[in-house]
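# Secondary and tertiary structure notes
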Amino acid sequence: MTLLPTPELGRPAAESFVADHLGHLICDEPLSRSPFEGGQTAADAALASFDVTGYAADRNQVSPNSARGASRLSPYIRHGLLTLPAVWAHVEGPQKDVTKFRDELMWQEYARHLYARLGSRTASALRAQPAQHSVSQPSDVAADQWHSALPCVSLNVEELTETGWLVNQARMWLASHWTVRHQRSWADGEEFFFRHLLDGSRAANRLGWQWTTGAGSHKSYGFSRWQVEKRAPGLCDSCSWEQRCPIASKPREQPVVAVPKPALLASDRTVDQTSGPSSVAAVTYGKAADGHDRGADVVWLTAESLGSRDPALVANPDLPLLFVFDEPLLRRLRLSAKRLVFLVETLAELAADRELQLYRGSPVEILADTKPAVTFAPVPGFRSRLAKLPEAEVHPWPWLTEPHSGAIQSFSAWRRGVDR
Ligand SMILES: Cc1cc2nc3c(=O)[nH]c(=O)nc-3n(C[C@H](O)[C@H](O)[C@H](O)COP(=O)(O)OP(=O)(O)OC[C@H]3O[C@@H](n4cnc5c(N)ncnc54)[C@H](O)[C@@H]3O)c2cc1C
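The rules behind the values
- Residues numbered from 1 in each chain as written.
- Predicted model: local features only at pLDDT ≥ 70, side-chain atom pairs only at ≥ 80, totals over all residues.
- Helix = DSSP H or I, 4+ residues; strand = E, 2+ residues; numbered from the N terminus.
- Rg over C-alpha atoms; globule rule 2.2 N^0.38 Å.
- Buried ≥ 20, exposed ≤ 12 C-beta atoms within 10 Å, placed from the backbone.
- Contact = placed C-beta atoms within 7 Å.
- Near = placed C-beta within 6 Å.
- Nonpolar A, V, L, I, M, F, W, Y, C, P; charged D, E, K, R; others polar.
- Domains from an automatic or database assignment.
- Axes fitted to C-alpha atoms, helices over the stretch in contact; angles between N-to-C directions.
- Parallel < 35°, antiparallel > 145°, perpendicular 65-115°, else oblique.
- Expected span 1.5 Å × (residues − 1).
- Pairing = 2+ DSSP bridges.
- Core = buried A, V, L, I, M, F, W, Y, C linked by C-beta atoms within 7 Å.
- Arc of directions from axis to C-beta.
- Left-handed = near helix turned anticlockwise from the far one by under 90°.

This brings us to the overall build of the chain. In terms of helices and strands, the chain carries 18 helices and 10 strands. A globule of 420 residues ought to have a C-alpha radius of gyration of about 22 Å, and the chain, at 22 Å, matches this closely. In terms of principal-axis extent, the alpha carbons of the chain reach across some 70 × 50 × 45 Å. The buried share of the chain, taken over its 420 residues, is 45%. Partitioning the intrachain contacts of the chain with sequence separation of at least 6 by distance along the chain shows that 74% fall at a separation of at least 24.

Right, here's the structure in full:
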């Protein structure tokens, strides 16, 4: 394990930090050209300035940028700087826009419930597999494999790799182009997105790829020219293929083979474990203890909950904070530097107010001699690490709606069981 210095505030300091301490774990240069700034201040400012008016009509607009209606809140939602309940409560405006926006928040919540319940099983197709794909481990996809003379593809790949963000519509275009038209493995495409997206999560990214390509629903989304003309008017005029557009018509629907559905899609017998504790719980060797034998001595922050309103952090104002760059995990993931720069900017801001201990190594080893207070994170990696810790004080995850034990094989099936 390596104890790291406290990062200074600001983008240049965050880039230097990544270059000096995490440079061997990234897939590109230790730079970030992303306009998204990490930290609670930036998250709060983004939420305060978001006006939901026009969202329903414009959320899918791809270009020009000025016509986009998407909130761009996702990097902050992804890392818990903005919780779904807080964002839900914040939006005010025309009813149809508020309803549409909250519907999208529910998609995020659905993705989280699905992942919390199924865990790594979401790495495989949930309902159908395009016939030609194997379900093997995703392979490495380089940016130039996305190369295309079509600006509707290349400009979006460029935006993804430069900024770490795309509107939902552009994500669907790329996923469909990669898998439905070119029959490449959705898992490889998902991995490429995951490396670059500042909001990249296994929960929402896998759901997005599976639903777009038909692996989650039997039915794929066909990307073709008419969507570009509608959602990025004028773009085709600049295209050298304008007269011979190779995506003039919808891609042929690819044959899919049904895969055995995981039984967990139908019901969850251990929904309490899926949800995590509903009140602060003392955990000893992965099991709930009778009482608090000794107090927590540090607040363990995870990448799922890095806000200054993290429940464990707020409940323990006098304890130092601790964050671990999980070296074995990062070595496997090889994320883009911009994702780590975003995290370092966020951590630097936390360190300006509280003592922050920053490590690189294995979280379980680093936390072995501590009793951390931590906010439950509904992801399998958190649960497996927590189960290896001698003791912890676990705070509830701020669900938008509590996970239920019923069917979740589709958004509508899931929604029938929720209380919102
Ligand atoms: C192929 C593909 C991959 C995706 N990968 C991710 C990912 O890794 N992480 C991620 O958070 N979202 C992912 N999405 C969902 C969606 O595209 C993004 O959440 C959204 O574009 C983020 O921009 P925004 O904050 O401006 O969204 P807005 O439209 O303003 O929506 C507000 C919030 O609602 C949630 N949301 C909106 N649409 C969706 C959706 N379709 N599914 C789940 N949540 C949604 C997000 O939290 C988002 O921040 C993916 C979608 C597709 C089609």
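Lining the immediate environment of the ligand, one finds 28 residues, of which Ala 70, Ser 71, Ser 74, Asn 205 and Gly 208 sit closest. Looking at the shell around the ligand, the elements that each hand over two or more residues are helix 4 (74–78), helix 6 (95–118), helix 8 (168–181) and helix 10 (202–213). Counted by class, the shell around the ligand contains 13 nonpolar, 9 polar and 6 charged residues.

Attention now moves to the domain arrangement of the chain. You can read the domains of the chain as domain 1 (2–9 + 271–395), domain 2 (34–120) and domain 3 (125–258). Here the C-alpha centroids of domain 2 and domain 3 sit 21 Å apart. Counting from both sides, the interface comprises 20 residues of domain 2 and, opposite them, 17 residues of domain 3. Put simply, the parts of the chain that give the side of domain 2 that touches domain 3 at least two residues each are helix 4 and helix 6. Among the residues making up the side of domain 2 that touches domain 3, the classes are represented as 9 nonpolar, 6 polar and 5 charged.

Moving on to the environment of Arg 231. Along the chain, Arg 231 turns up in helix 11 (residues 225–231). You can call Arg 231 buried: it has 20 C-beta atoms within 10 Å. Measuring from C-alpha to C-alpha, the distance between Arg 231 and Asp 58 comes to 8.9 Å, with 173 residues separating the pair along the chain. Once residues within four sequence positions are removed from consideration, Arg 231 is found in contact with Asn 60, Gln 61, Val 62 and Gln 169.

The contact between helix 6 and helix 10 brings their axes to 8 Å, and the two run at 105°. With respect to each other, helix 6 and helix 10 are oriented roughly perpendicular. The residues of helix 10 that touch helix 6, namely those facing Gln 108, Ala 111, Arg 112, Leu 114 and Tyr 115, are Arg 202, Ala 203, Ala 204 and Leu 207.

In this section: unusual backbone geometry. Of note, the amide linkage connecting Ser 63 to Pro 64 takes the cis form, showing an omega dihedral of 0°. Its place among the elements puts Pro 64 in the loop between helix 3 (55–58) and helix 4. Located in the positive-phi region is Gln 183, a residue other than glycine, with phi close to 55°. Along the chain, Gln 183 turns up in the loop between helix 8 and helix 9 (186–196).

Take helix 10 next. Between the first and last C-alpha of helix 10 there are 16 Å, a value that for 12 residues agrees with the 16 Å anticipated at 1.5 Å per step. Of all 12 residues in helix 10, 11 are buried, a share of seventy percent or more. Among the residues of helix 10, Ala 203, Ala 204, Asn 205, Arg 206, Leu 207, Gly 208, Trp 209, Gln 210, Trp 211, Thr 212 and Thr 213 are the ones counted as buried. The first or second residue beyond helix 10 is Gly 214, which carries a positive phi of 95°.

The subject of this paragraph is the environment of Ser 279. Summarising the element assignment, Ser 279 is placed in the loop between helix 12 (271–275) and strand 4 (281–284). Here the alpha-carbon distance between Ser 279 and Trp 397, two residues 118 residues apart in the chain, equals 9.3 Å.

Another aspect to go through is the pairing of strand 8 (residues 356–361). Where strand 1 (residues 2–4) and strand 8 come together, 3 bridges link them in antiparallel fashion. Looking across to strand 8, one finds that Thr 2 is bridged to Arg 360.

What follows is about the nonpolar core. Core analysis: the biggest nonpolar cluster contains 89 residues, and Val 18, Val 299, Leu 340 and Val 344 have the highest contact counts within it. Per element, the largest residue contribution to this core is 9 residues, and it comes from helix 15 (residues 337–353). Not counting residues within four places of it along the chain, the set of residues in contact with Val 18 comprises Gly 23, Ile 26, Pro 30, Ala 337, Leu 340, Val 341 and Val 344. The next biggest cluster of nonpolar side chains, apart from the first, holds 12 residues, and it includes Ala 116, Ala 204, Ile 408 and Trp 414.

Attention shifts here to helix 17 (residues 380–387). Residue pairs spaced three or four apart in an α-helix point in one direction, given the helix's 3.6 residues per turn. Within the span of helix 17, buried status applies to Phe 382, Arg 385 and Leu 386. Looking straight down helix 17, one finds that the buried residues subtend no more than 100° of arc, so they occupy a single side.

Orientation of helix 1 (residues 11–22) relative to helix 15, taken along the N-to-C sense of each, is 115°, at an axis distance of 9 Å. Along this stretch, helix 1 crosses helix 15, giving a crossing that reads as right-handed. Packed against helix 1, whose contacting residues are Arg 11, Ala 13, Ala 14, Glu 15, Phe 17, Val 18 and Leu 22, the element helix 15 presents Ala 337, Leu 340, Val 341, Val 344, Glu 345 and Ala 348 at the interface.

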